[in-house]
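Summary of the model geometry
Below are the chains, spelled out letter by letter.
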Amino acid sequence: MKRTLFVIITIFALFAHSVAAQTAQDFSKASVVIKFYDRTMYYPGSTDDNPIFVHISVVNRGTETLRFKLADDRMFSLDFTAYTIKNSTLPKTEKLVVKRSTNQTVYFREIALEAGEEYSFIENAKNYINFDEPSMYYLELSFYPELYKSRQTAITSNRLSLDIRPAPLAASSTVLPVESKSASLLKPEEKSPDKVVEETIIARQKSLWDQYFLYMDLEQMMLRNADTERRYRAASADERARLLESYKSDLMQNKIDHDVVAVPERFYIENTSYSQIDGTVTVLEWFKYPTYRERKRYVYKVRQRDGIWQIYDYNVTNLGTE
């Protein structure tokens, strides 16, 4: 009798295991895609005033219905990781650590996606990671379809390059670029390299400094000078911020890099050449003086970071007078 009962229990156990195996969700056809939402300039700290909003999409790339759990508090469904250029990771926020280490009920809902469908939402990466130092980072997302406490399954997203810039000095008169008419923050947009260069030159012609600096990688422009680069690399975060502000101020006063801040009477974009990540824009520029006009050829070097093209270098050739 005992032997028969044991056999029956074993059969039921195997059957239950088989049913569970058959009904277990397959996440191999699921993917997670991230991109910056409402991209702007990012600085250390300031979680609420200067958030890093990331648009997150869970996509069903399979042919069967995809079901997953999504916590009402997203910290129990996903995790951000930020890598330095040396591949080390930044620490998590205290808020995140405390929340996950506290016993509490996690409320969630189950979401079903049919083939080809996606579910999207937005999160502030600064709620998950401490960005205390300006630098270049690589941002990645891990999504847990069975919630964070059951981390056997994780779906890893693509990586984004994240440029955290030195915080503007409190005494600076140009803390953040603002449009004078609307008093709204200027934000770089996804524009072609030639359009970026064109708008930068026009901004200089009109003495609109905020717009002029909008698509310019000031750090890389400043580091074109070898002596400045050595000082900058050895400086603290605060000192670097001061060096950048000083460089910006000197440009506005035409004390340095005279060619790049010179105001052309007119210009013509001669050629644009670029790949997915870098390129050049060649521009003919005419400068008017009291007794003559001078013509120069500018070659602006540009590179792309997450869809935004920036000017980071240039060279000039004098073509004579007219």
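Described below are features of the structure shown in this document. Nothing here was measured: the structure is a model prediction, and the numbers come from that model.

1. Looking at the pattern of salt bridges
Pairing between side chains of opposite charge can happen when their charged atoms approach one another. For the coordinates displayed, the defined rule picks out 21 salt bridges. Note that Arg224 is salt-bridged to Asp313, the shortest N-O span being 2.5 Å. Separated by 89 residues along the polypeptide, Arg224 in the loop between α5 (218-222) and α6 (226-234) and Asp313 in strand β13 (residues 308-321) bring together distant segments of the chain. The exposure class assigned to Arg224 is partly exposed, which follows from its relative accessible area of 37%. For Asp313, a relative accessible area of 17% translates into the label buried. Taking the shortest distance from any N to any O, the salt bridge between Asp227 and Arg230 comes out at 2.2 Å. In this pair, Asp227 and Arg230 are both assigned in helix α6, three residues apart and thus about one turn of the helix distant. Ionic contacts of the salt-bridge type, sharing partners, join the residues Asp163, Arg165, Asp217, Arg303 and Arg305 into one network.

2. Section: the side chain of Ser77
Inspection of the secondary structure assignment puts Ser77 in the loop between β3 (66-71) and β4 (78-83). Here Ser77 falls in the buried class, since its relative accessible area comes to 0%. Among the polar contacts made by the side chain of Ser77, one reaches the main-chain amide nitrogen of Ala71 at a distance of 2.8 Å. If we skip the residues at most four places from it in the chain, Ser77 touches Lys69, Leu70, Ala71, Ser142, Phe143, Tyr144 and Leu147.

3. Quick word on a nonpolar patch on the surface
Side chains of Tyr37, Phe53 and Ile122 sit close together on the surface and give an oily, nonpolar patch of about 250 Å² of accessible area. Structurally, Tyr37 is set in the loop between β1 (30-36) and β2 (53-60).

4. A word on helix α3 (residues 193-205)
Here α3 contains 13 residues, and its C-alpha end-to-end distance of 19 Å stays within 8% of the 18 Å for a straight helix at 1.5 Å per residue. All of the buried residues along α3 are Pro193, Val196, Val197, Thr200, Ile201, Ala203 and Arg204. Looking down the long axis of α3, one finds its buried residues gathered within 160 degrees of arc, a one-sided arrangement. Buried-residue contacts for α3 involve α4 (209-214), α8 (258-261), β10 (266-274), β11 (278-288), β12 (293-305) and β13. Looking one or two places after α3, you find Ser207, whose phi comes out positive at around 60 degrees.

5. Thoughts on unusual backbone geometry
Unlike most non-glycine residues, Asn87 shows phi in positive territory, near 70 degrees. As for its placement among the helices and strands, Asn87 is situated in the loop between β4 and α2 (94-101). In this structure, Asn254 is a non-glycine residue whose phi angle is positive, near 60 degrees. Its location among the elements puts Asn254 in the loop between α7 (237-252) and α8.

6. What to know about the sheet that holds β11
Sheet architecture is open: four strands sit in the order β10-β11-β12-β13, paired in antiparallel fashion. In this open sheet, the two strands that pair with only one neighbour each are β10 and β13. Going across the sheet, the axis of each strand differs from the next one's by a mean of 20 degrees, ignoring polarity. Taken together, the eight bridges between β10 and β11 define a ladder with antiparallel strand orientation. Following the sheet pairing, Phe267 is matched in β11 by Glu285. Its contacts with the sheet place α3 against β10, β11, β12 and β13, and it is angled at close to 155 degrees to β10.

7. Things to note about the packing of aromatic side chains
A complete count under the given rule lists 13 aromatic pairs for this structure. For the ring pair Tyr212 and Phe213, a centre distance of 5.2 Å and an interplane angle of 65 degrees mean the geometry is edge-to-face. Phe213 shares its class with Tyr212; the two are buried. Measuring from centroid to centroid gives 5.0 Å for Tyr289 and Tyr292, while their planes differ by 25 degrees, and the two rings are stacked. Judged by relative accessible area, which is 33%, Tyr289 ranks as partly exposed.

8. Observations regarding the packing of α6 against α7
Relative to each other, α6 and α7 sit at 150 degrees, their axes nearing to 8 Å. In terms of orientation, α6 and α7 fall into the roughly antiparallel class. On α7, the residues touching Arg231, Tyr232 and Arg233 of α6 are Arg240, Leu243 and Leu244.

Parameters at a glance
Residues numbered from 1 in each chain as written. Predicted model: local features only at pLDDT ≥ 70, side-chain atom pairs only at ≥ 80, totals over all residues. Heavy atoms only, no water. Salt bridge = Lys/Arg side-chain N within 4 Å of Asp/Glu carboxyl O. Helix = DSSP H or I, 4+ residues; strand = E, 2+ residues; numbered from the N terminus. Buried < 20%, exposed > 50% of the residue type's maximum accessible area, 1.4 Å probe, protein only. Polar contact = N/O pair within 3.5 Å; in protein donor to acceptor, adjacent residues only side chain to side chain. Contact = heavy atoms within 4.5 Å. Patch = residues over 30% accessible without salt bridge, like charges linked within 9 Å, V, L, I, M, F, W, Y side chains within 5 Å. Areas by Shrake-Rupley, 256 points an atom, 1.4 Å probe, with all protein chains shown as cover. Expected span 1.5 Å × (residues − 1). Arc of directions from axis to C-beta. Pairing = 2+ DSSP bridges. Axes fitted to C-alpha atoms, helices over the stretch in contact; angles between N-to-C directions. Phe/Tyr/Trp six-rings, centres within 6.5 Å; stacked < 30°, edge-to-face > 60°. Parallel < 35°, antiparallel > 145°, perpendicular 65-115°, else oblique.

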